[in-house]
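A structural walkthrough
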Amino acid sequence: MDTVGFAKYPFTQEALSYVRDRNYSMADIVQKPAYGQVRTRAKKRVLTSIKGEAQADDLLPDPERELLSYPVARMLVAMTEDQYLMKRFALWESKRAYTLLLGESESGLLDVGRDFGISARTKDREFIIHFTDYLRYAAGLRNLEWKLINRKVVSGMVYVSREAFARLLEEAVRDKIQASFGAKVPAEIKSVLEPYMLEIREALDKLKSEKGLAGEGEVTQDSFPPCMRNLLADLQKGINLPHTARFALTSFLANIGLDKDAIMDLYRLAPDFREDLTHYQVQHITGSSGTEYTCPGCKTMMTYGNCIGKNKFCEYVTHPLSYYRKSQRRRAKDVAAAQAFKGSKDKAVNDTAAENVQVETGNLPGN
C-alpha cells in the first residue's frame, strides 16, 4: 500500500506502521505551525461527521496531510467525551471508507481485509471468506440478506459479492474506530487543541438540538412511551434496530405527525443505513402504497421483544399511541394550570402594587 492508500485507510496497521517509521511526533503535529493545515483538516473531518455531509475525496494533492489528520481528528472527538459523537464519527469514517473501497481492485480489497485479520480469496468475481469472519462483521446487519442461511456456504466458506465484502469491511472499520476511543487524551495535548474545540462543540450542540424532535410543540419526545423512547435512543446512538423495531418506530413517528424527511434523517445514524432502501421502507410505511400503517399495540411490542418494561402510566393503556396522546393531554393540562396560576399570581401582584400606589398618593377608597 502506498501513501495514497494509507491516506484512504488511516486506521489500518499498515498506515500506523508508516507513521511510526517516518518518526512523526504527535507533540509536533498538534502544536507546530508547520502542521497547521493538518489540524485544520482534522477539525473539518469532525465537523463533516457531525453535519453528516457527503464523504468528499480530500486525499489529493496532499495524502500525507490527510493521513496525519486522522489521529488528530480522533483526539478532537475524544476530547468531547461524548459517546454520541464517537459513534457518529466512527460511522462517518466507515461509510467514507466503504465509498473508497468500492473503487479498489480485488487485490486492494483483499489487502484491507487482511489488515483486519480476514483471510479471503476470490473466484469468479466472488469473495470467499470463512464463516466465522463473516459472522463477526455481519452480526449487526439486520437485513435478511445478511442472514447466513441466505448466503452461499460451501465447507464453512461464505461466498459474497464485491459490494458485500466491502460492506463487511465497513463494519470492521466502524468497530475498530469506536474501540479506539478508550484512552484519555493527555492533558498537555488537550490544552493545545482546545482552540479547535469551540466550533466542534457548537456544531454538536446544534445537531443534538435538531434531533430532539421538539418541532414547534407538534411532536414531544417527553411524551413518548418507554418503548419508543428506548428505540429512538438506540437509533441515535448508532445501534442497528431489528426490522420489527424499525417498523414500530417509523409507524409511531408517522402516526404522531413527524414528516417523512425527518424520519429519514433519524435513520442516517444507523450503521447499516442505505438511502434507497430506507427511503422505500419509510415511504411504504407512511402511506405511499395507499395504506398508512398504524404502530403495533403493546401486546405485539412485547411479542417481538420491543417492550422494555412498563412504567406506571403504561398500566392504563394498551397502545403506544394511546400513551402518547394521554401524555400530551396531561402535559397540556399541566401547562394550562401553570399559566392560570401564573396569571392569578401576576394579578395579585398587580392588585397589591395598585393598593400601594393608592396608599402612597392618599387616594384610598372613601377619601
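Reference entry: report on the structure contained in this document. This structure is a prediction, so every number in the text was calculated from the model and none was measured. Numbering of residues begins from 1 in every chain and follows the order in which that chain's sequence is written. Predicted model: local features are reported for residues with pLDDT of at least 70 only, side-chain atom pairs are reported and counted for 80 or more only, and whole-chain, interface and lining totals are derived from all residues. To obtain the side-chain values, all non-hydrogen atoms of the structure were used and water was disregarded.

Attention shifts here to the packing of aromatic side chains. The rule is short: rings of Phe, Tyr and Trp, with Trp giving its six-membered ring, pair when the centres are within 6.5 Å, and they are stacked under 30 degrees, edge-to-face over 60, tilted in between. On inspection of all chains with the given rule, the structure shows twelve aromatic pairs. With centroids separated by 4.9 Å and ring planes inclined at 80°, the aromatic side chains of Phe313 and Tyr323 adopt a geometry described as edge-to-face. One end of the pair, Phe313, is in the loop between α16 (298–303) and α17 (320–361); the other, Tyr323, is in helix α17, and ten residues separate them in sequence. Like Phe313, the residue Tyr323 is buried in the burial classification. The helix count covers DSSP runs of H or I at least four residues long, the strand count covers runs of E at least two residues long, and both are numbered beginning at the N terminus. For every residue, the accessible area (1.4 Å probe, protein chains only) is compared with the maximum for its type, and the residue is labelled buried under 20%, exposed over 50%, or partly exposed between those bounds.

Residue Arg125 is not a glycine yet carries a positive backbone phi of 70°. Mapped onto the fold, Arg125 is located in the loop between β1 (121–123) and β2 (126–130). Using a relative accessible area of 72% as the deciding quantity, one classes Arg125 as exposed. Here Ser155, not a glycine, exhibits a phi torsion of approximately 50°, which is positive. As for its position among the elements, Ser155 is in the loop between β3 (152–154) and β4 (157–160). With relative accessibility at 74%, the residue Ser155 sits in the exposed group.

Taking 1.5 Å as the rise per residue, helix α6 (residues 83–101) with 19 residues should run 27 Å; its terminal C-alpha atoms sit 27 Å apart, in good agreement. For α6, the tally of buried residues reaches 16 of 19 residues, placing the bulk of the element in the interior. Here α6 starts with a cap whose side-chain oxygen sits 3.0 Å from the backbone nitrogen of Tyr84, and that cap is Asp82. Here a helix's expected span is defined as the number of its residues, less one, multiplied by 1.5 Å. Counting of polar contacts relies on pairs of N or O atoms within 3.5 Å, with two restrictions inside protein: one atom must be capable of donating a hydrogen and the other of accepting it, and residues adjacent in sequence are counted only when both atoms are side-chain atoms.

Attention shifts here to the side chain of Thr278. Tracing the sequence through the fold places Thr278 in helix α15 (residues 275–285). The buried category is assigned to Thr278, whose relative accessible area is 5%. The contact criterion used throughout is that any non-hydrogen atoms of two residues lie within 4.5 Å. Excluding its chain neighbours within four sequence positions, the residues that come into contact with Thr278 are Met264, Tyr267 and Phe273.

On to the sheet that holds β3. Paired strands, as defined in this entry, are two strands with at least two bridges between them according to DSSP. The strand order across the open sheet built from four strands is β1-β2-β4-β3, with neighbouring strands paired in antiparallel fashion. In the strand order of this sheet, the two ends are held by β1 and β3, each with one partner. Neighbour to neighbour, the strand axes of the sheet diverge by 35° on average, direction disregarded. The axes used here are C-alpha line fits, helices contributing only the stretch in contact, and every angle between their N-to-C directions lies in the interval 0 to 180 degrees. Sheet strands in contact with helix α8 (residues 131–138) are β2 and β4, and its direction is about 95° off that of β2.

Looking now at the pattern of salt bridges. For salt bridges, the criterion is a side-chain nitrogen of Lys or Arg within 4 Å of an Asp or Glu carboxyl oxygen. Evaluated as defined, the whole model comprises 19 salt bridges. A salt bridge links Glu64 to Arg22; the shortest N-O distance between them is 3.4 Å. Taken together, the residues span a long stretch of sequence, with Glu64 in helix α5 (residues 63–80) and Arg22 in the loop between α2 (13–21) and α3 (26–31) at a distance of 42 residues. Measuring nitrogen to oxygen at the nearest pair gives 3.7 Å for the salt bridge that ties Lys32 to Asp28.

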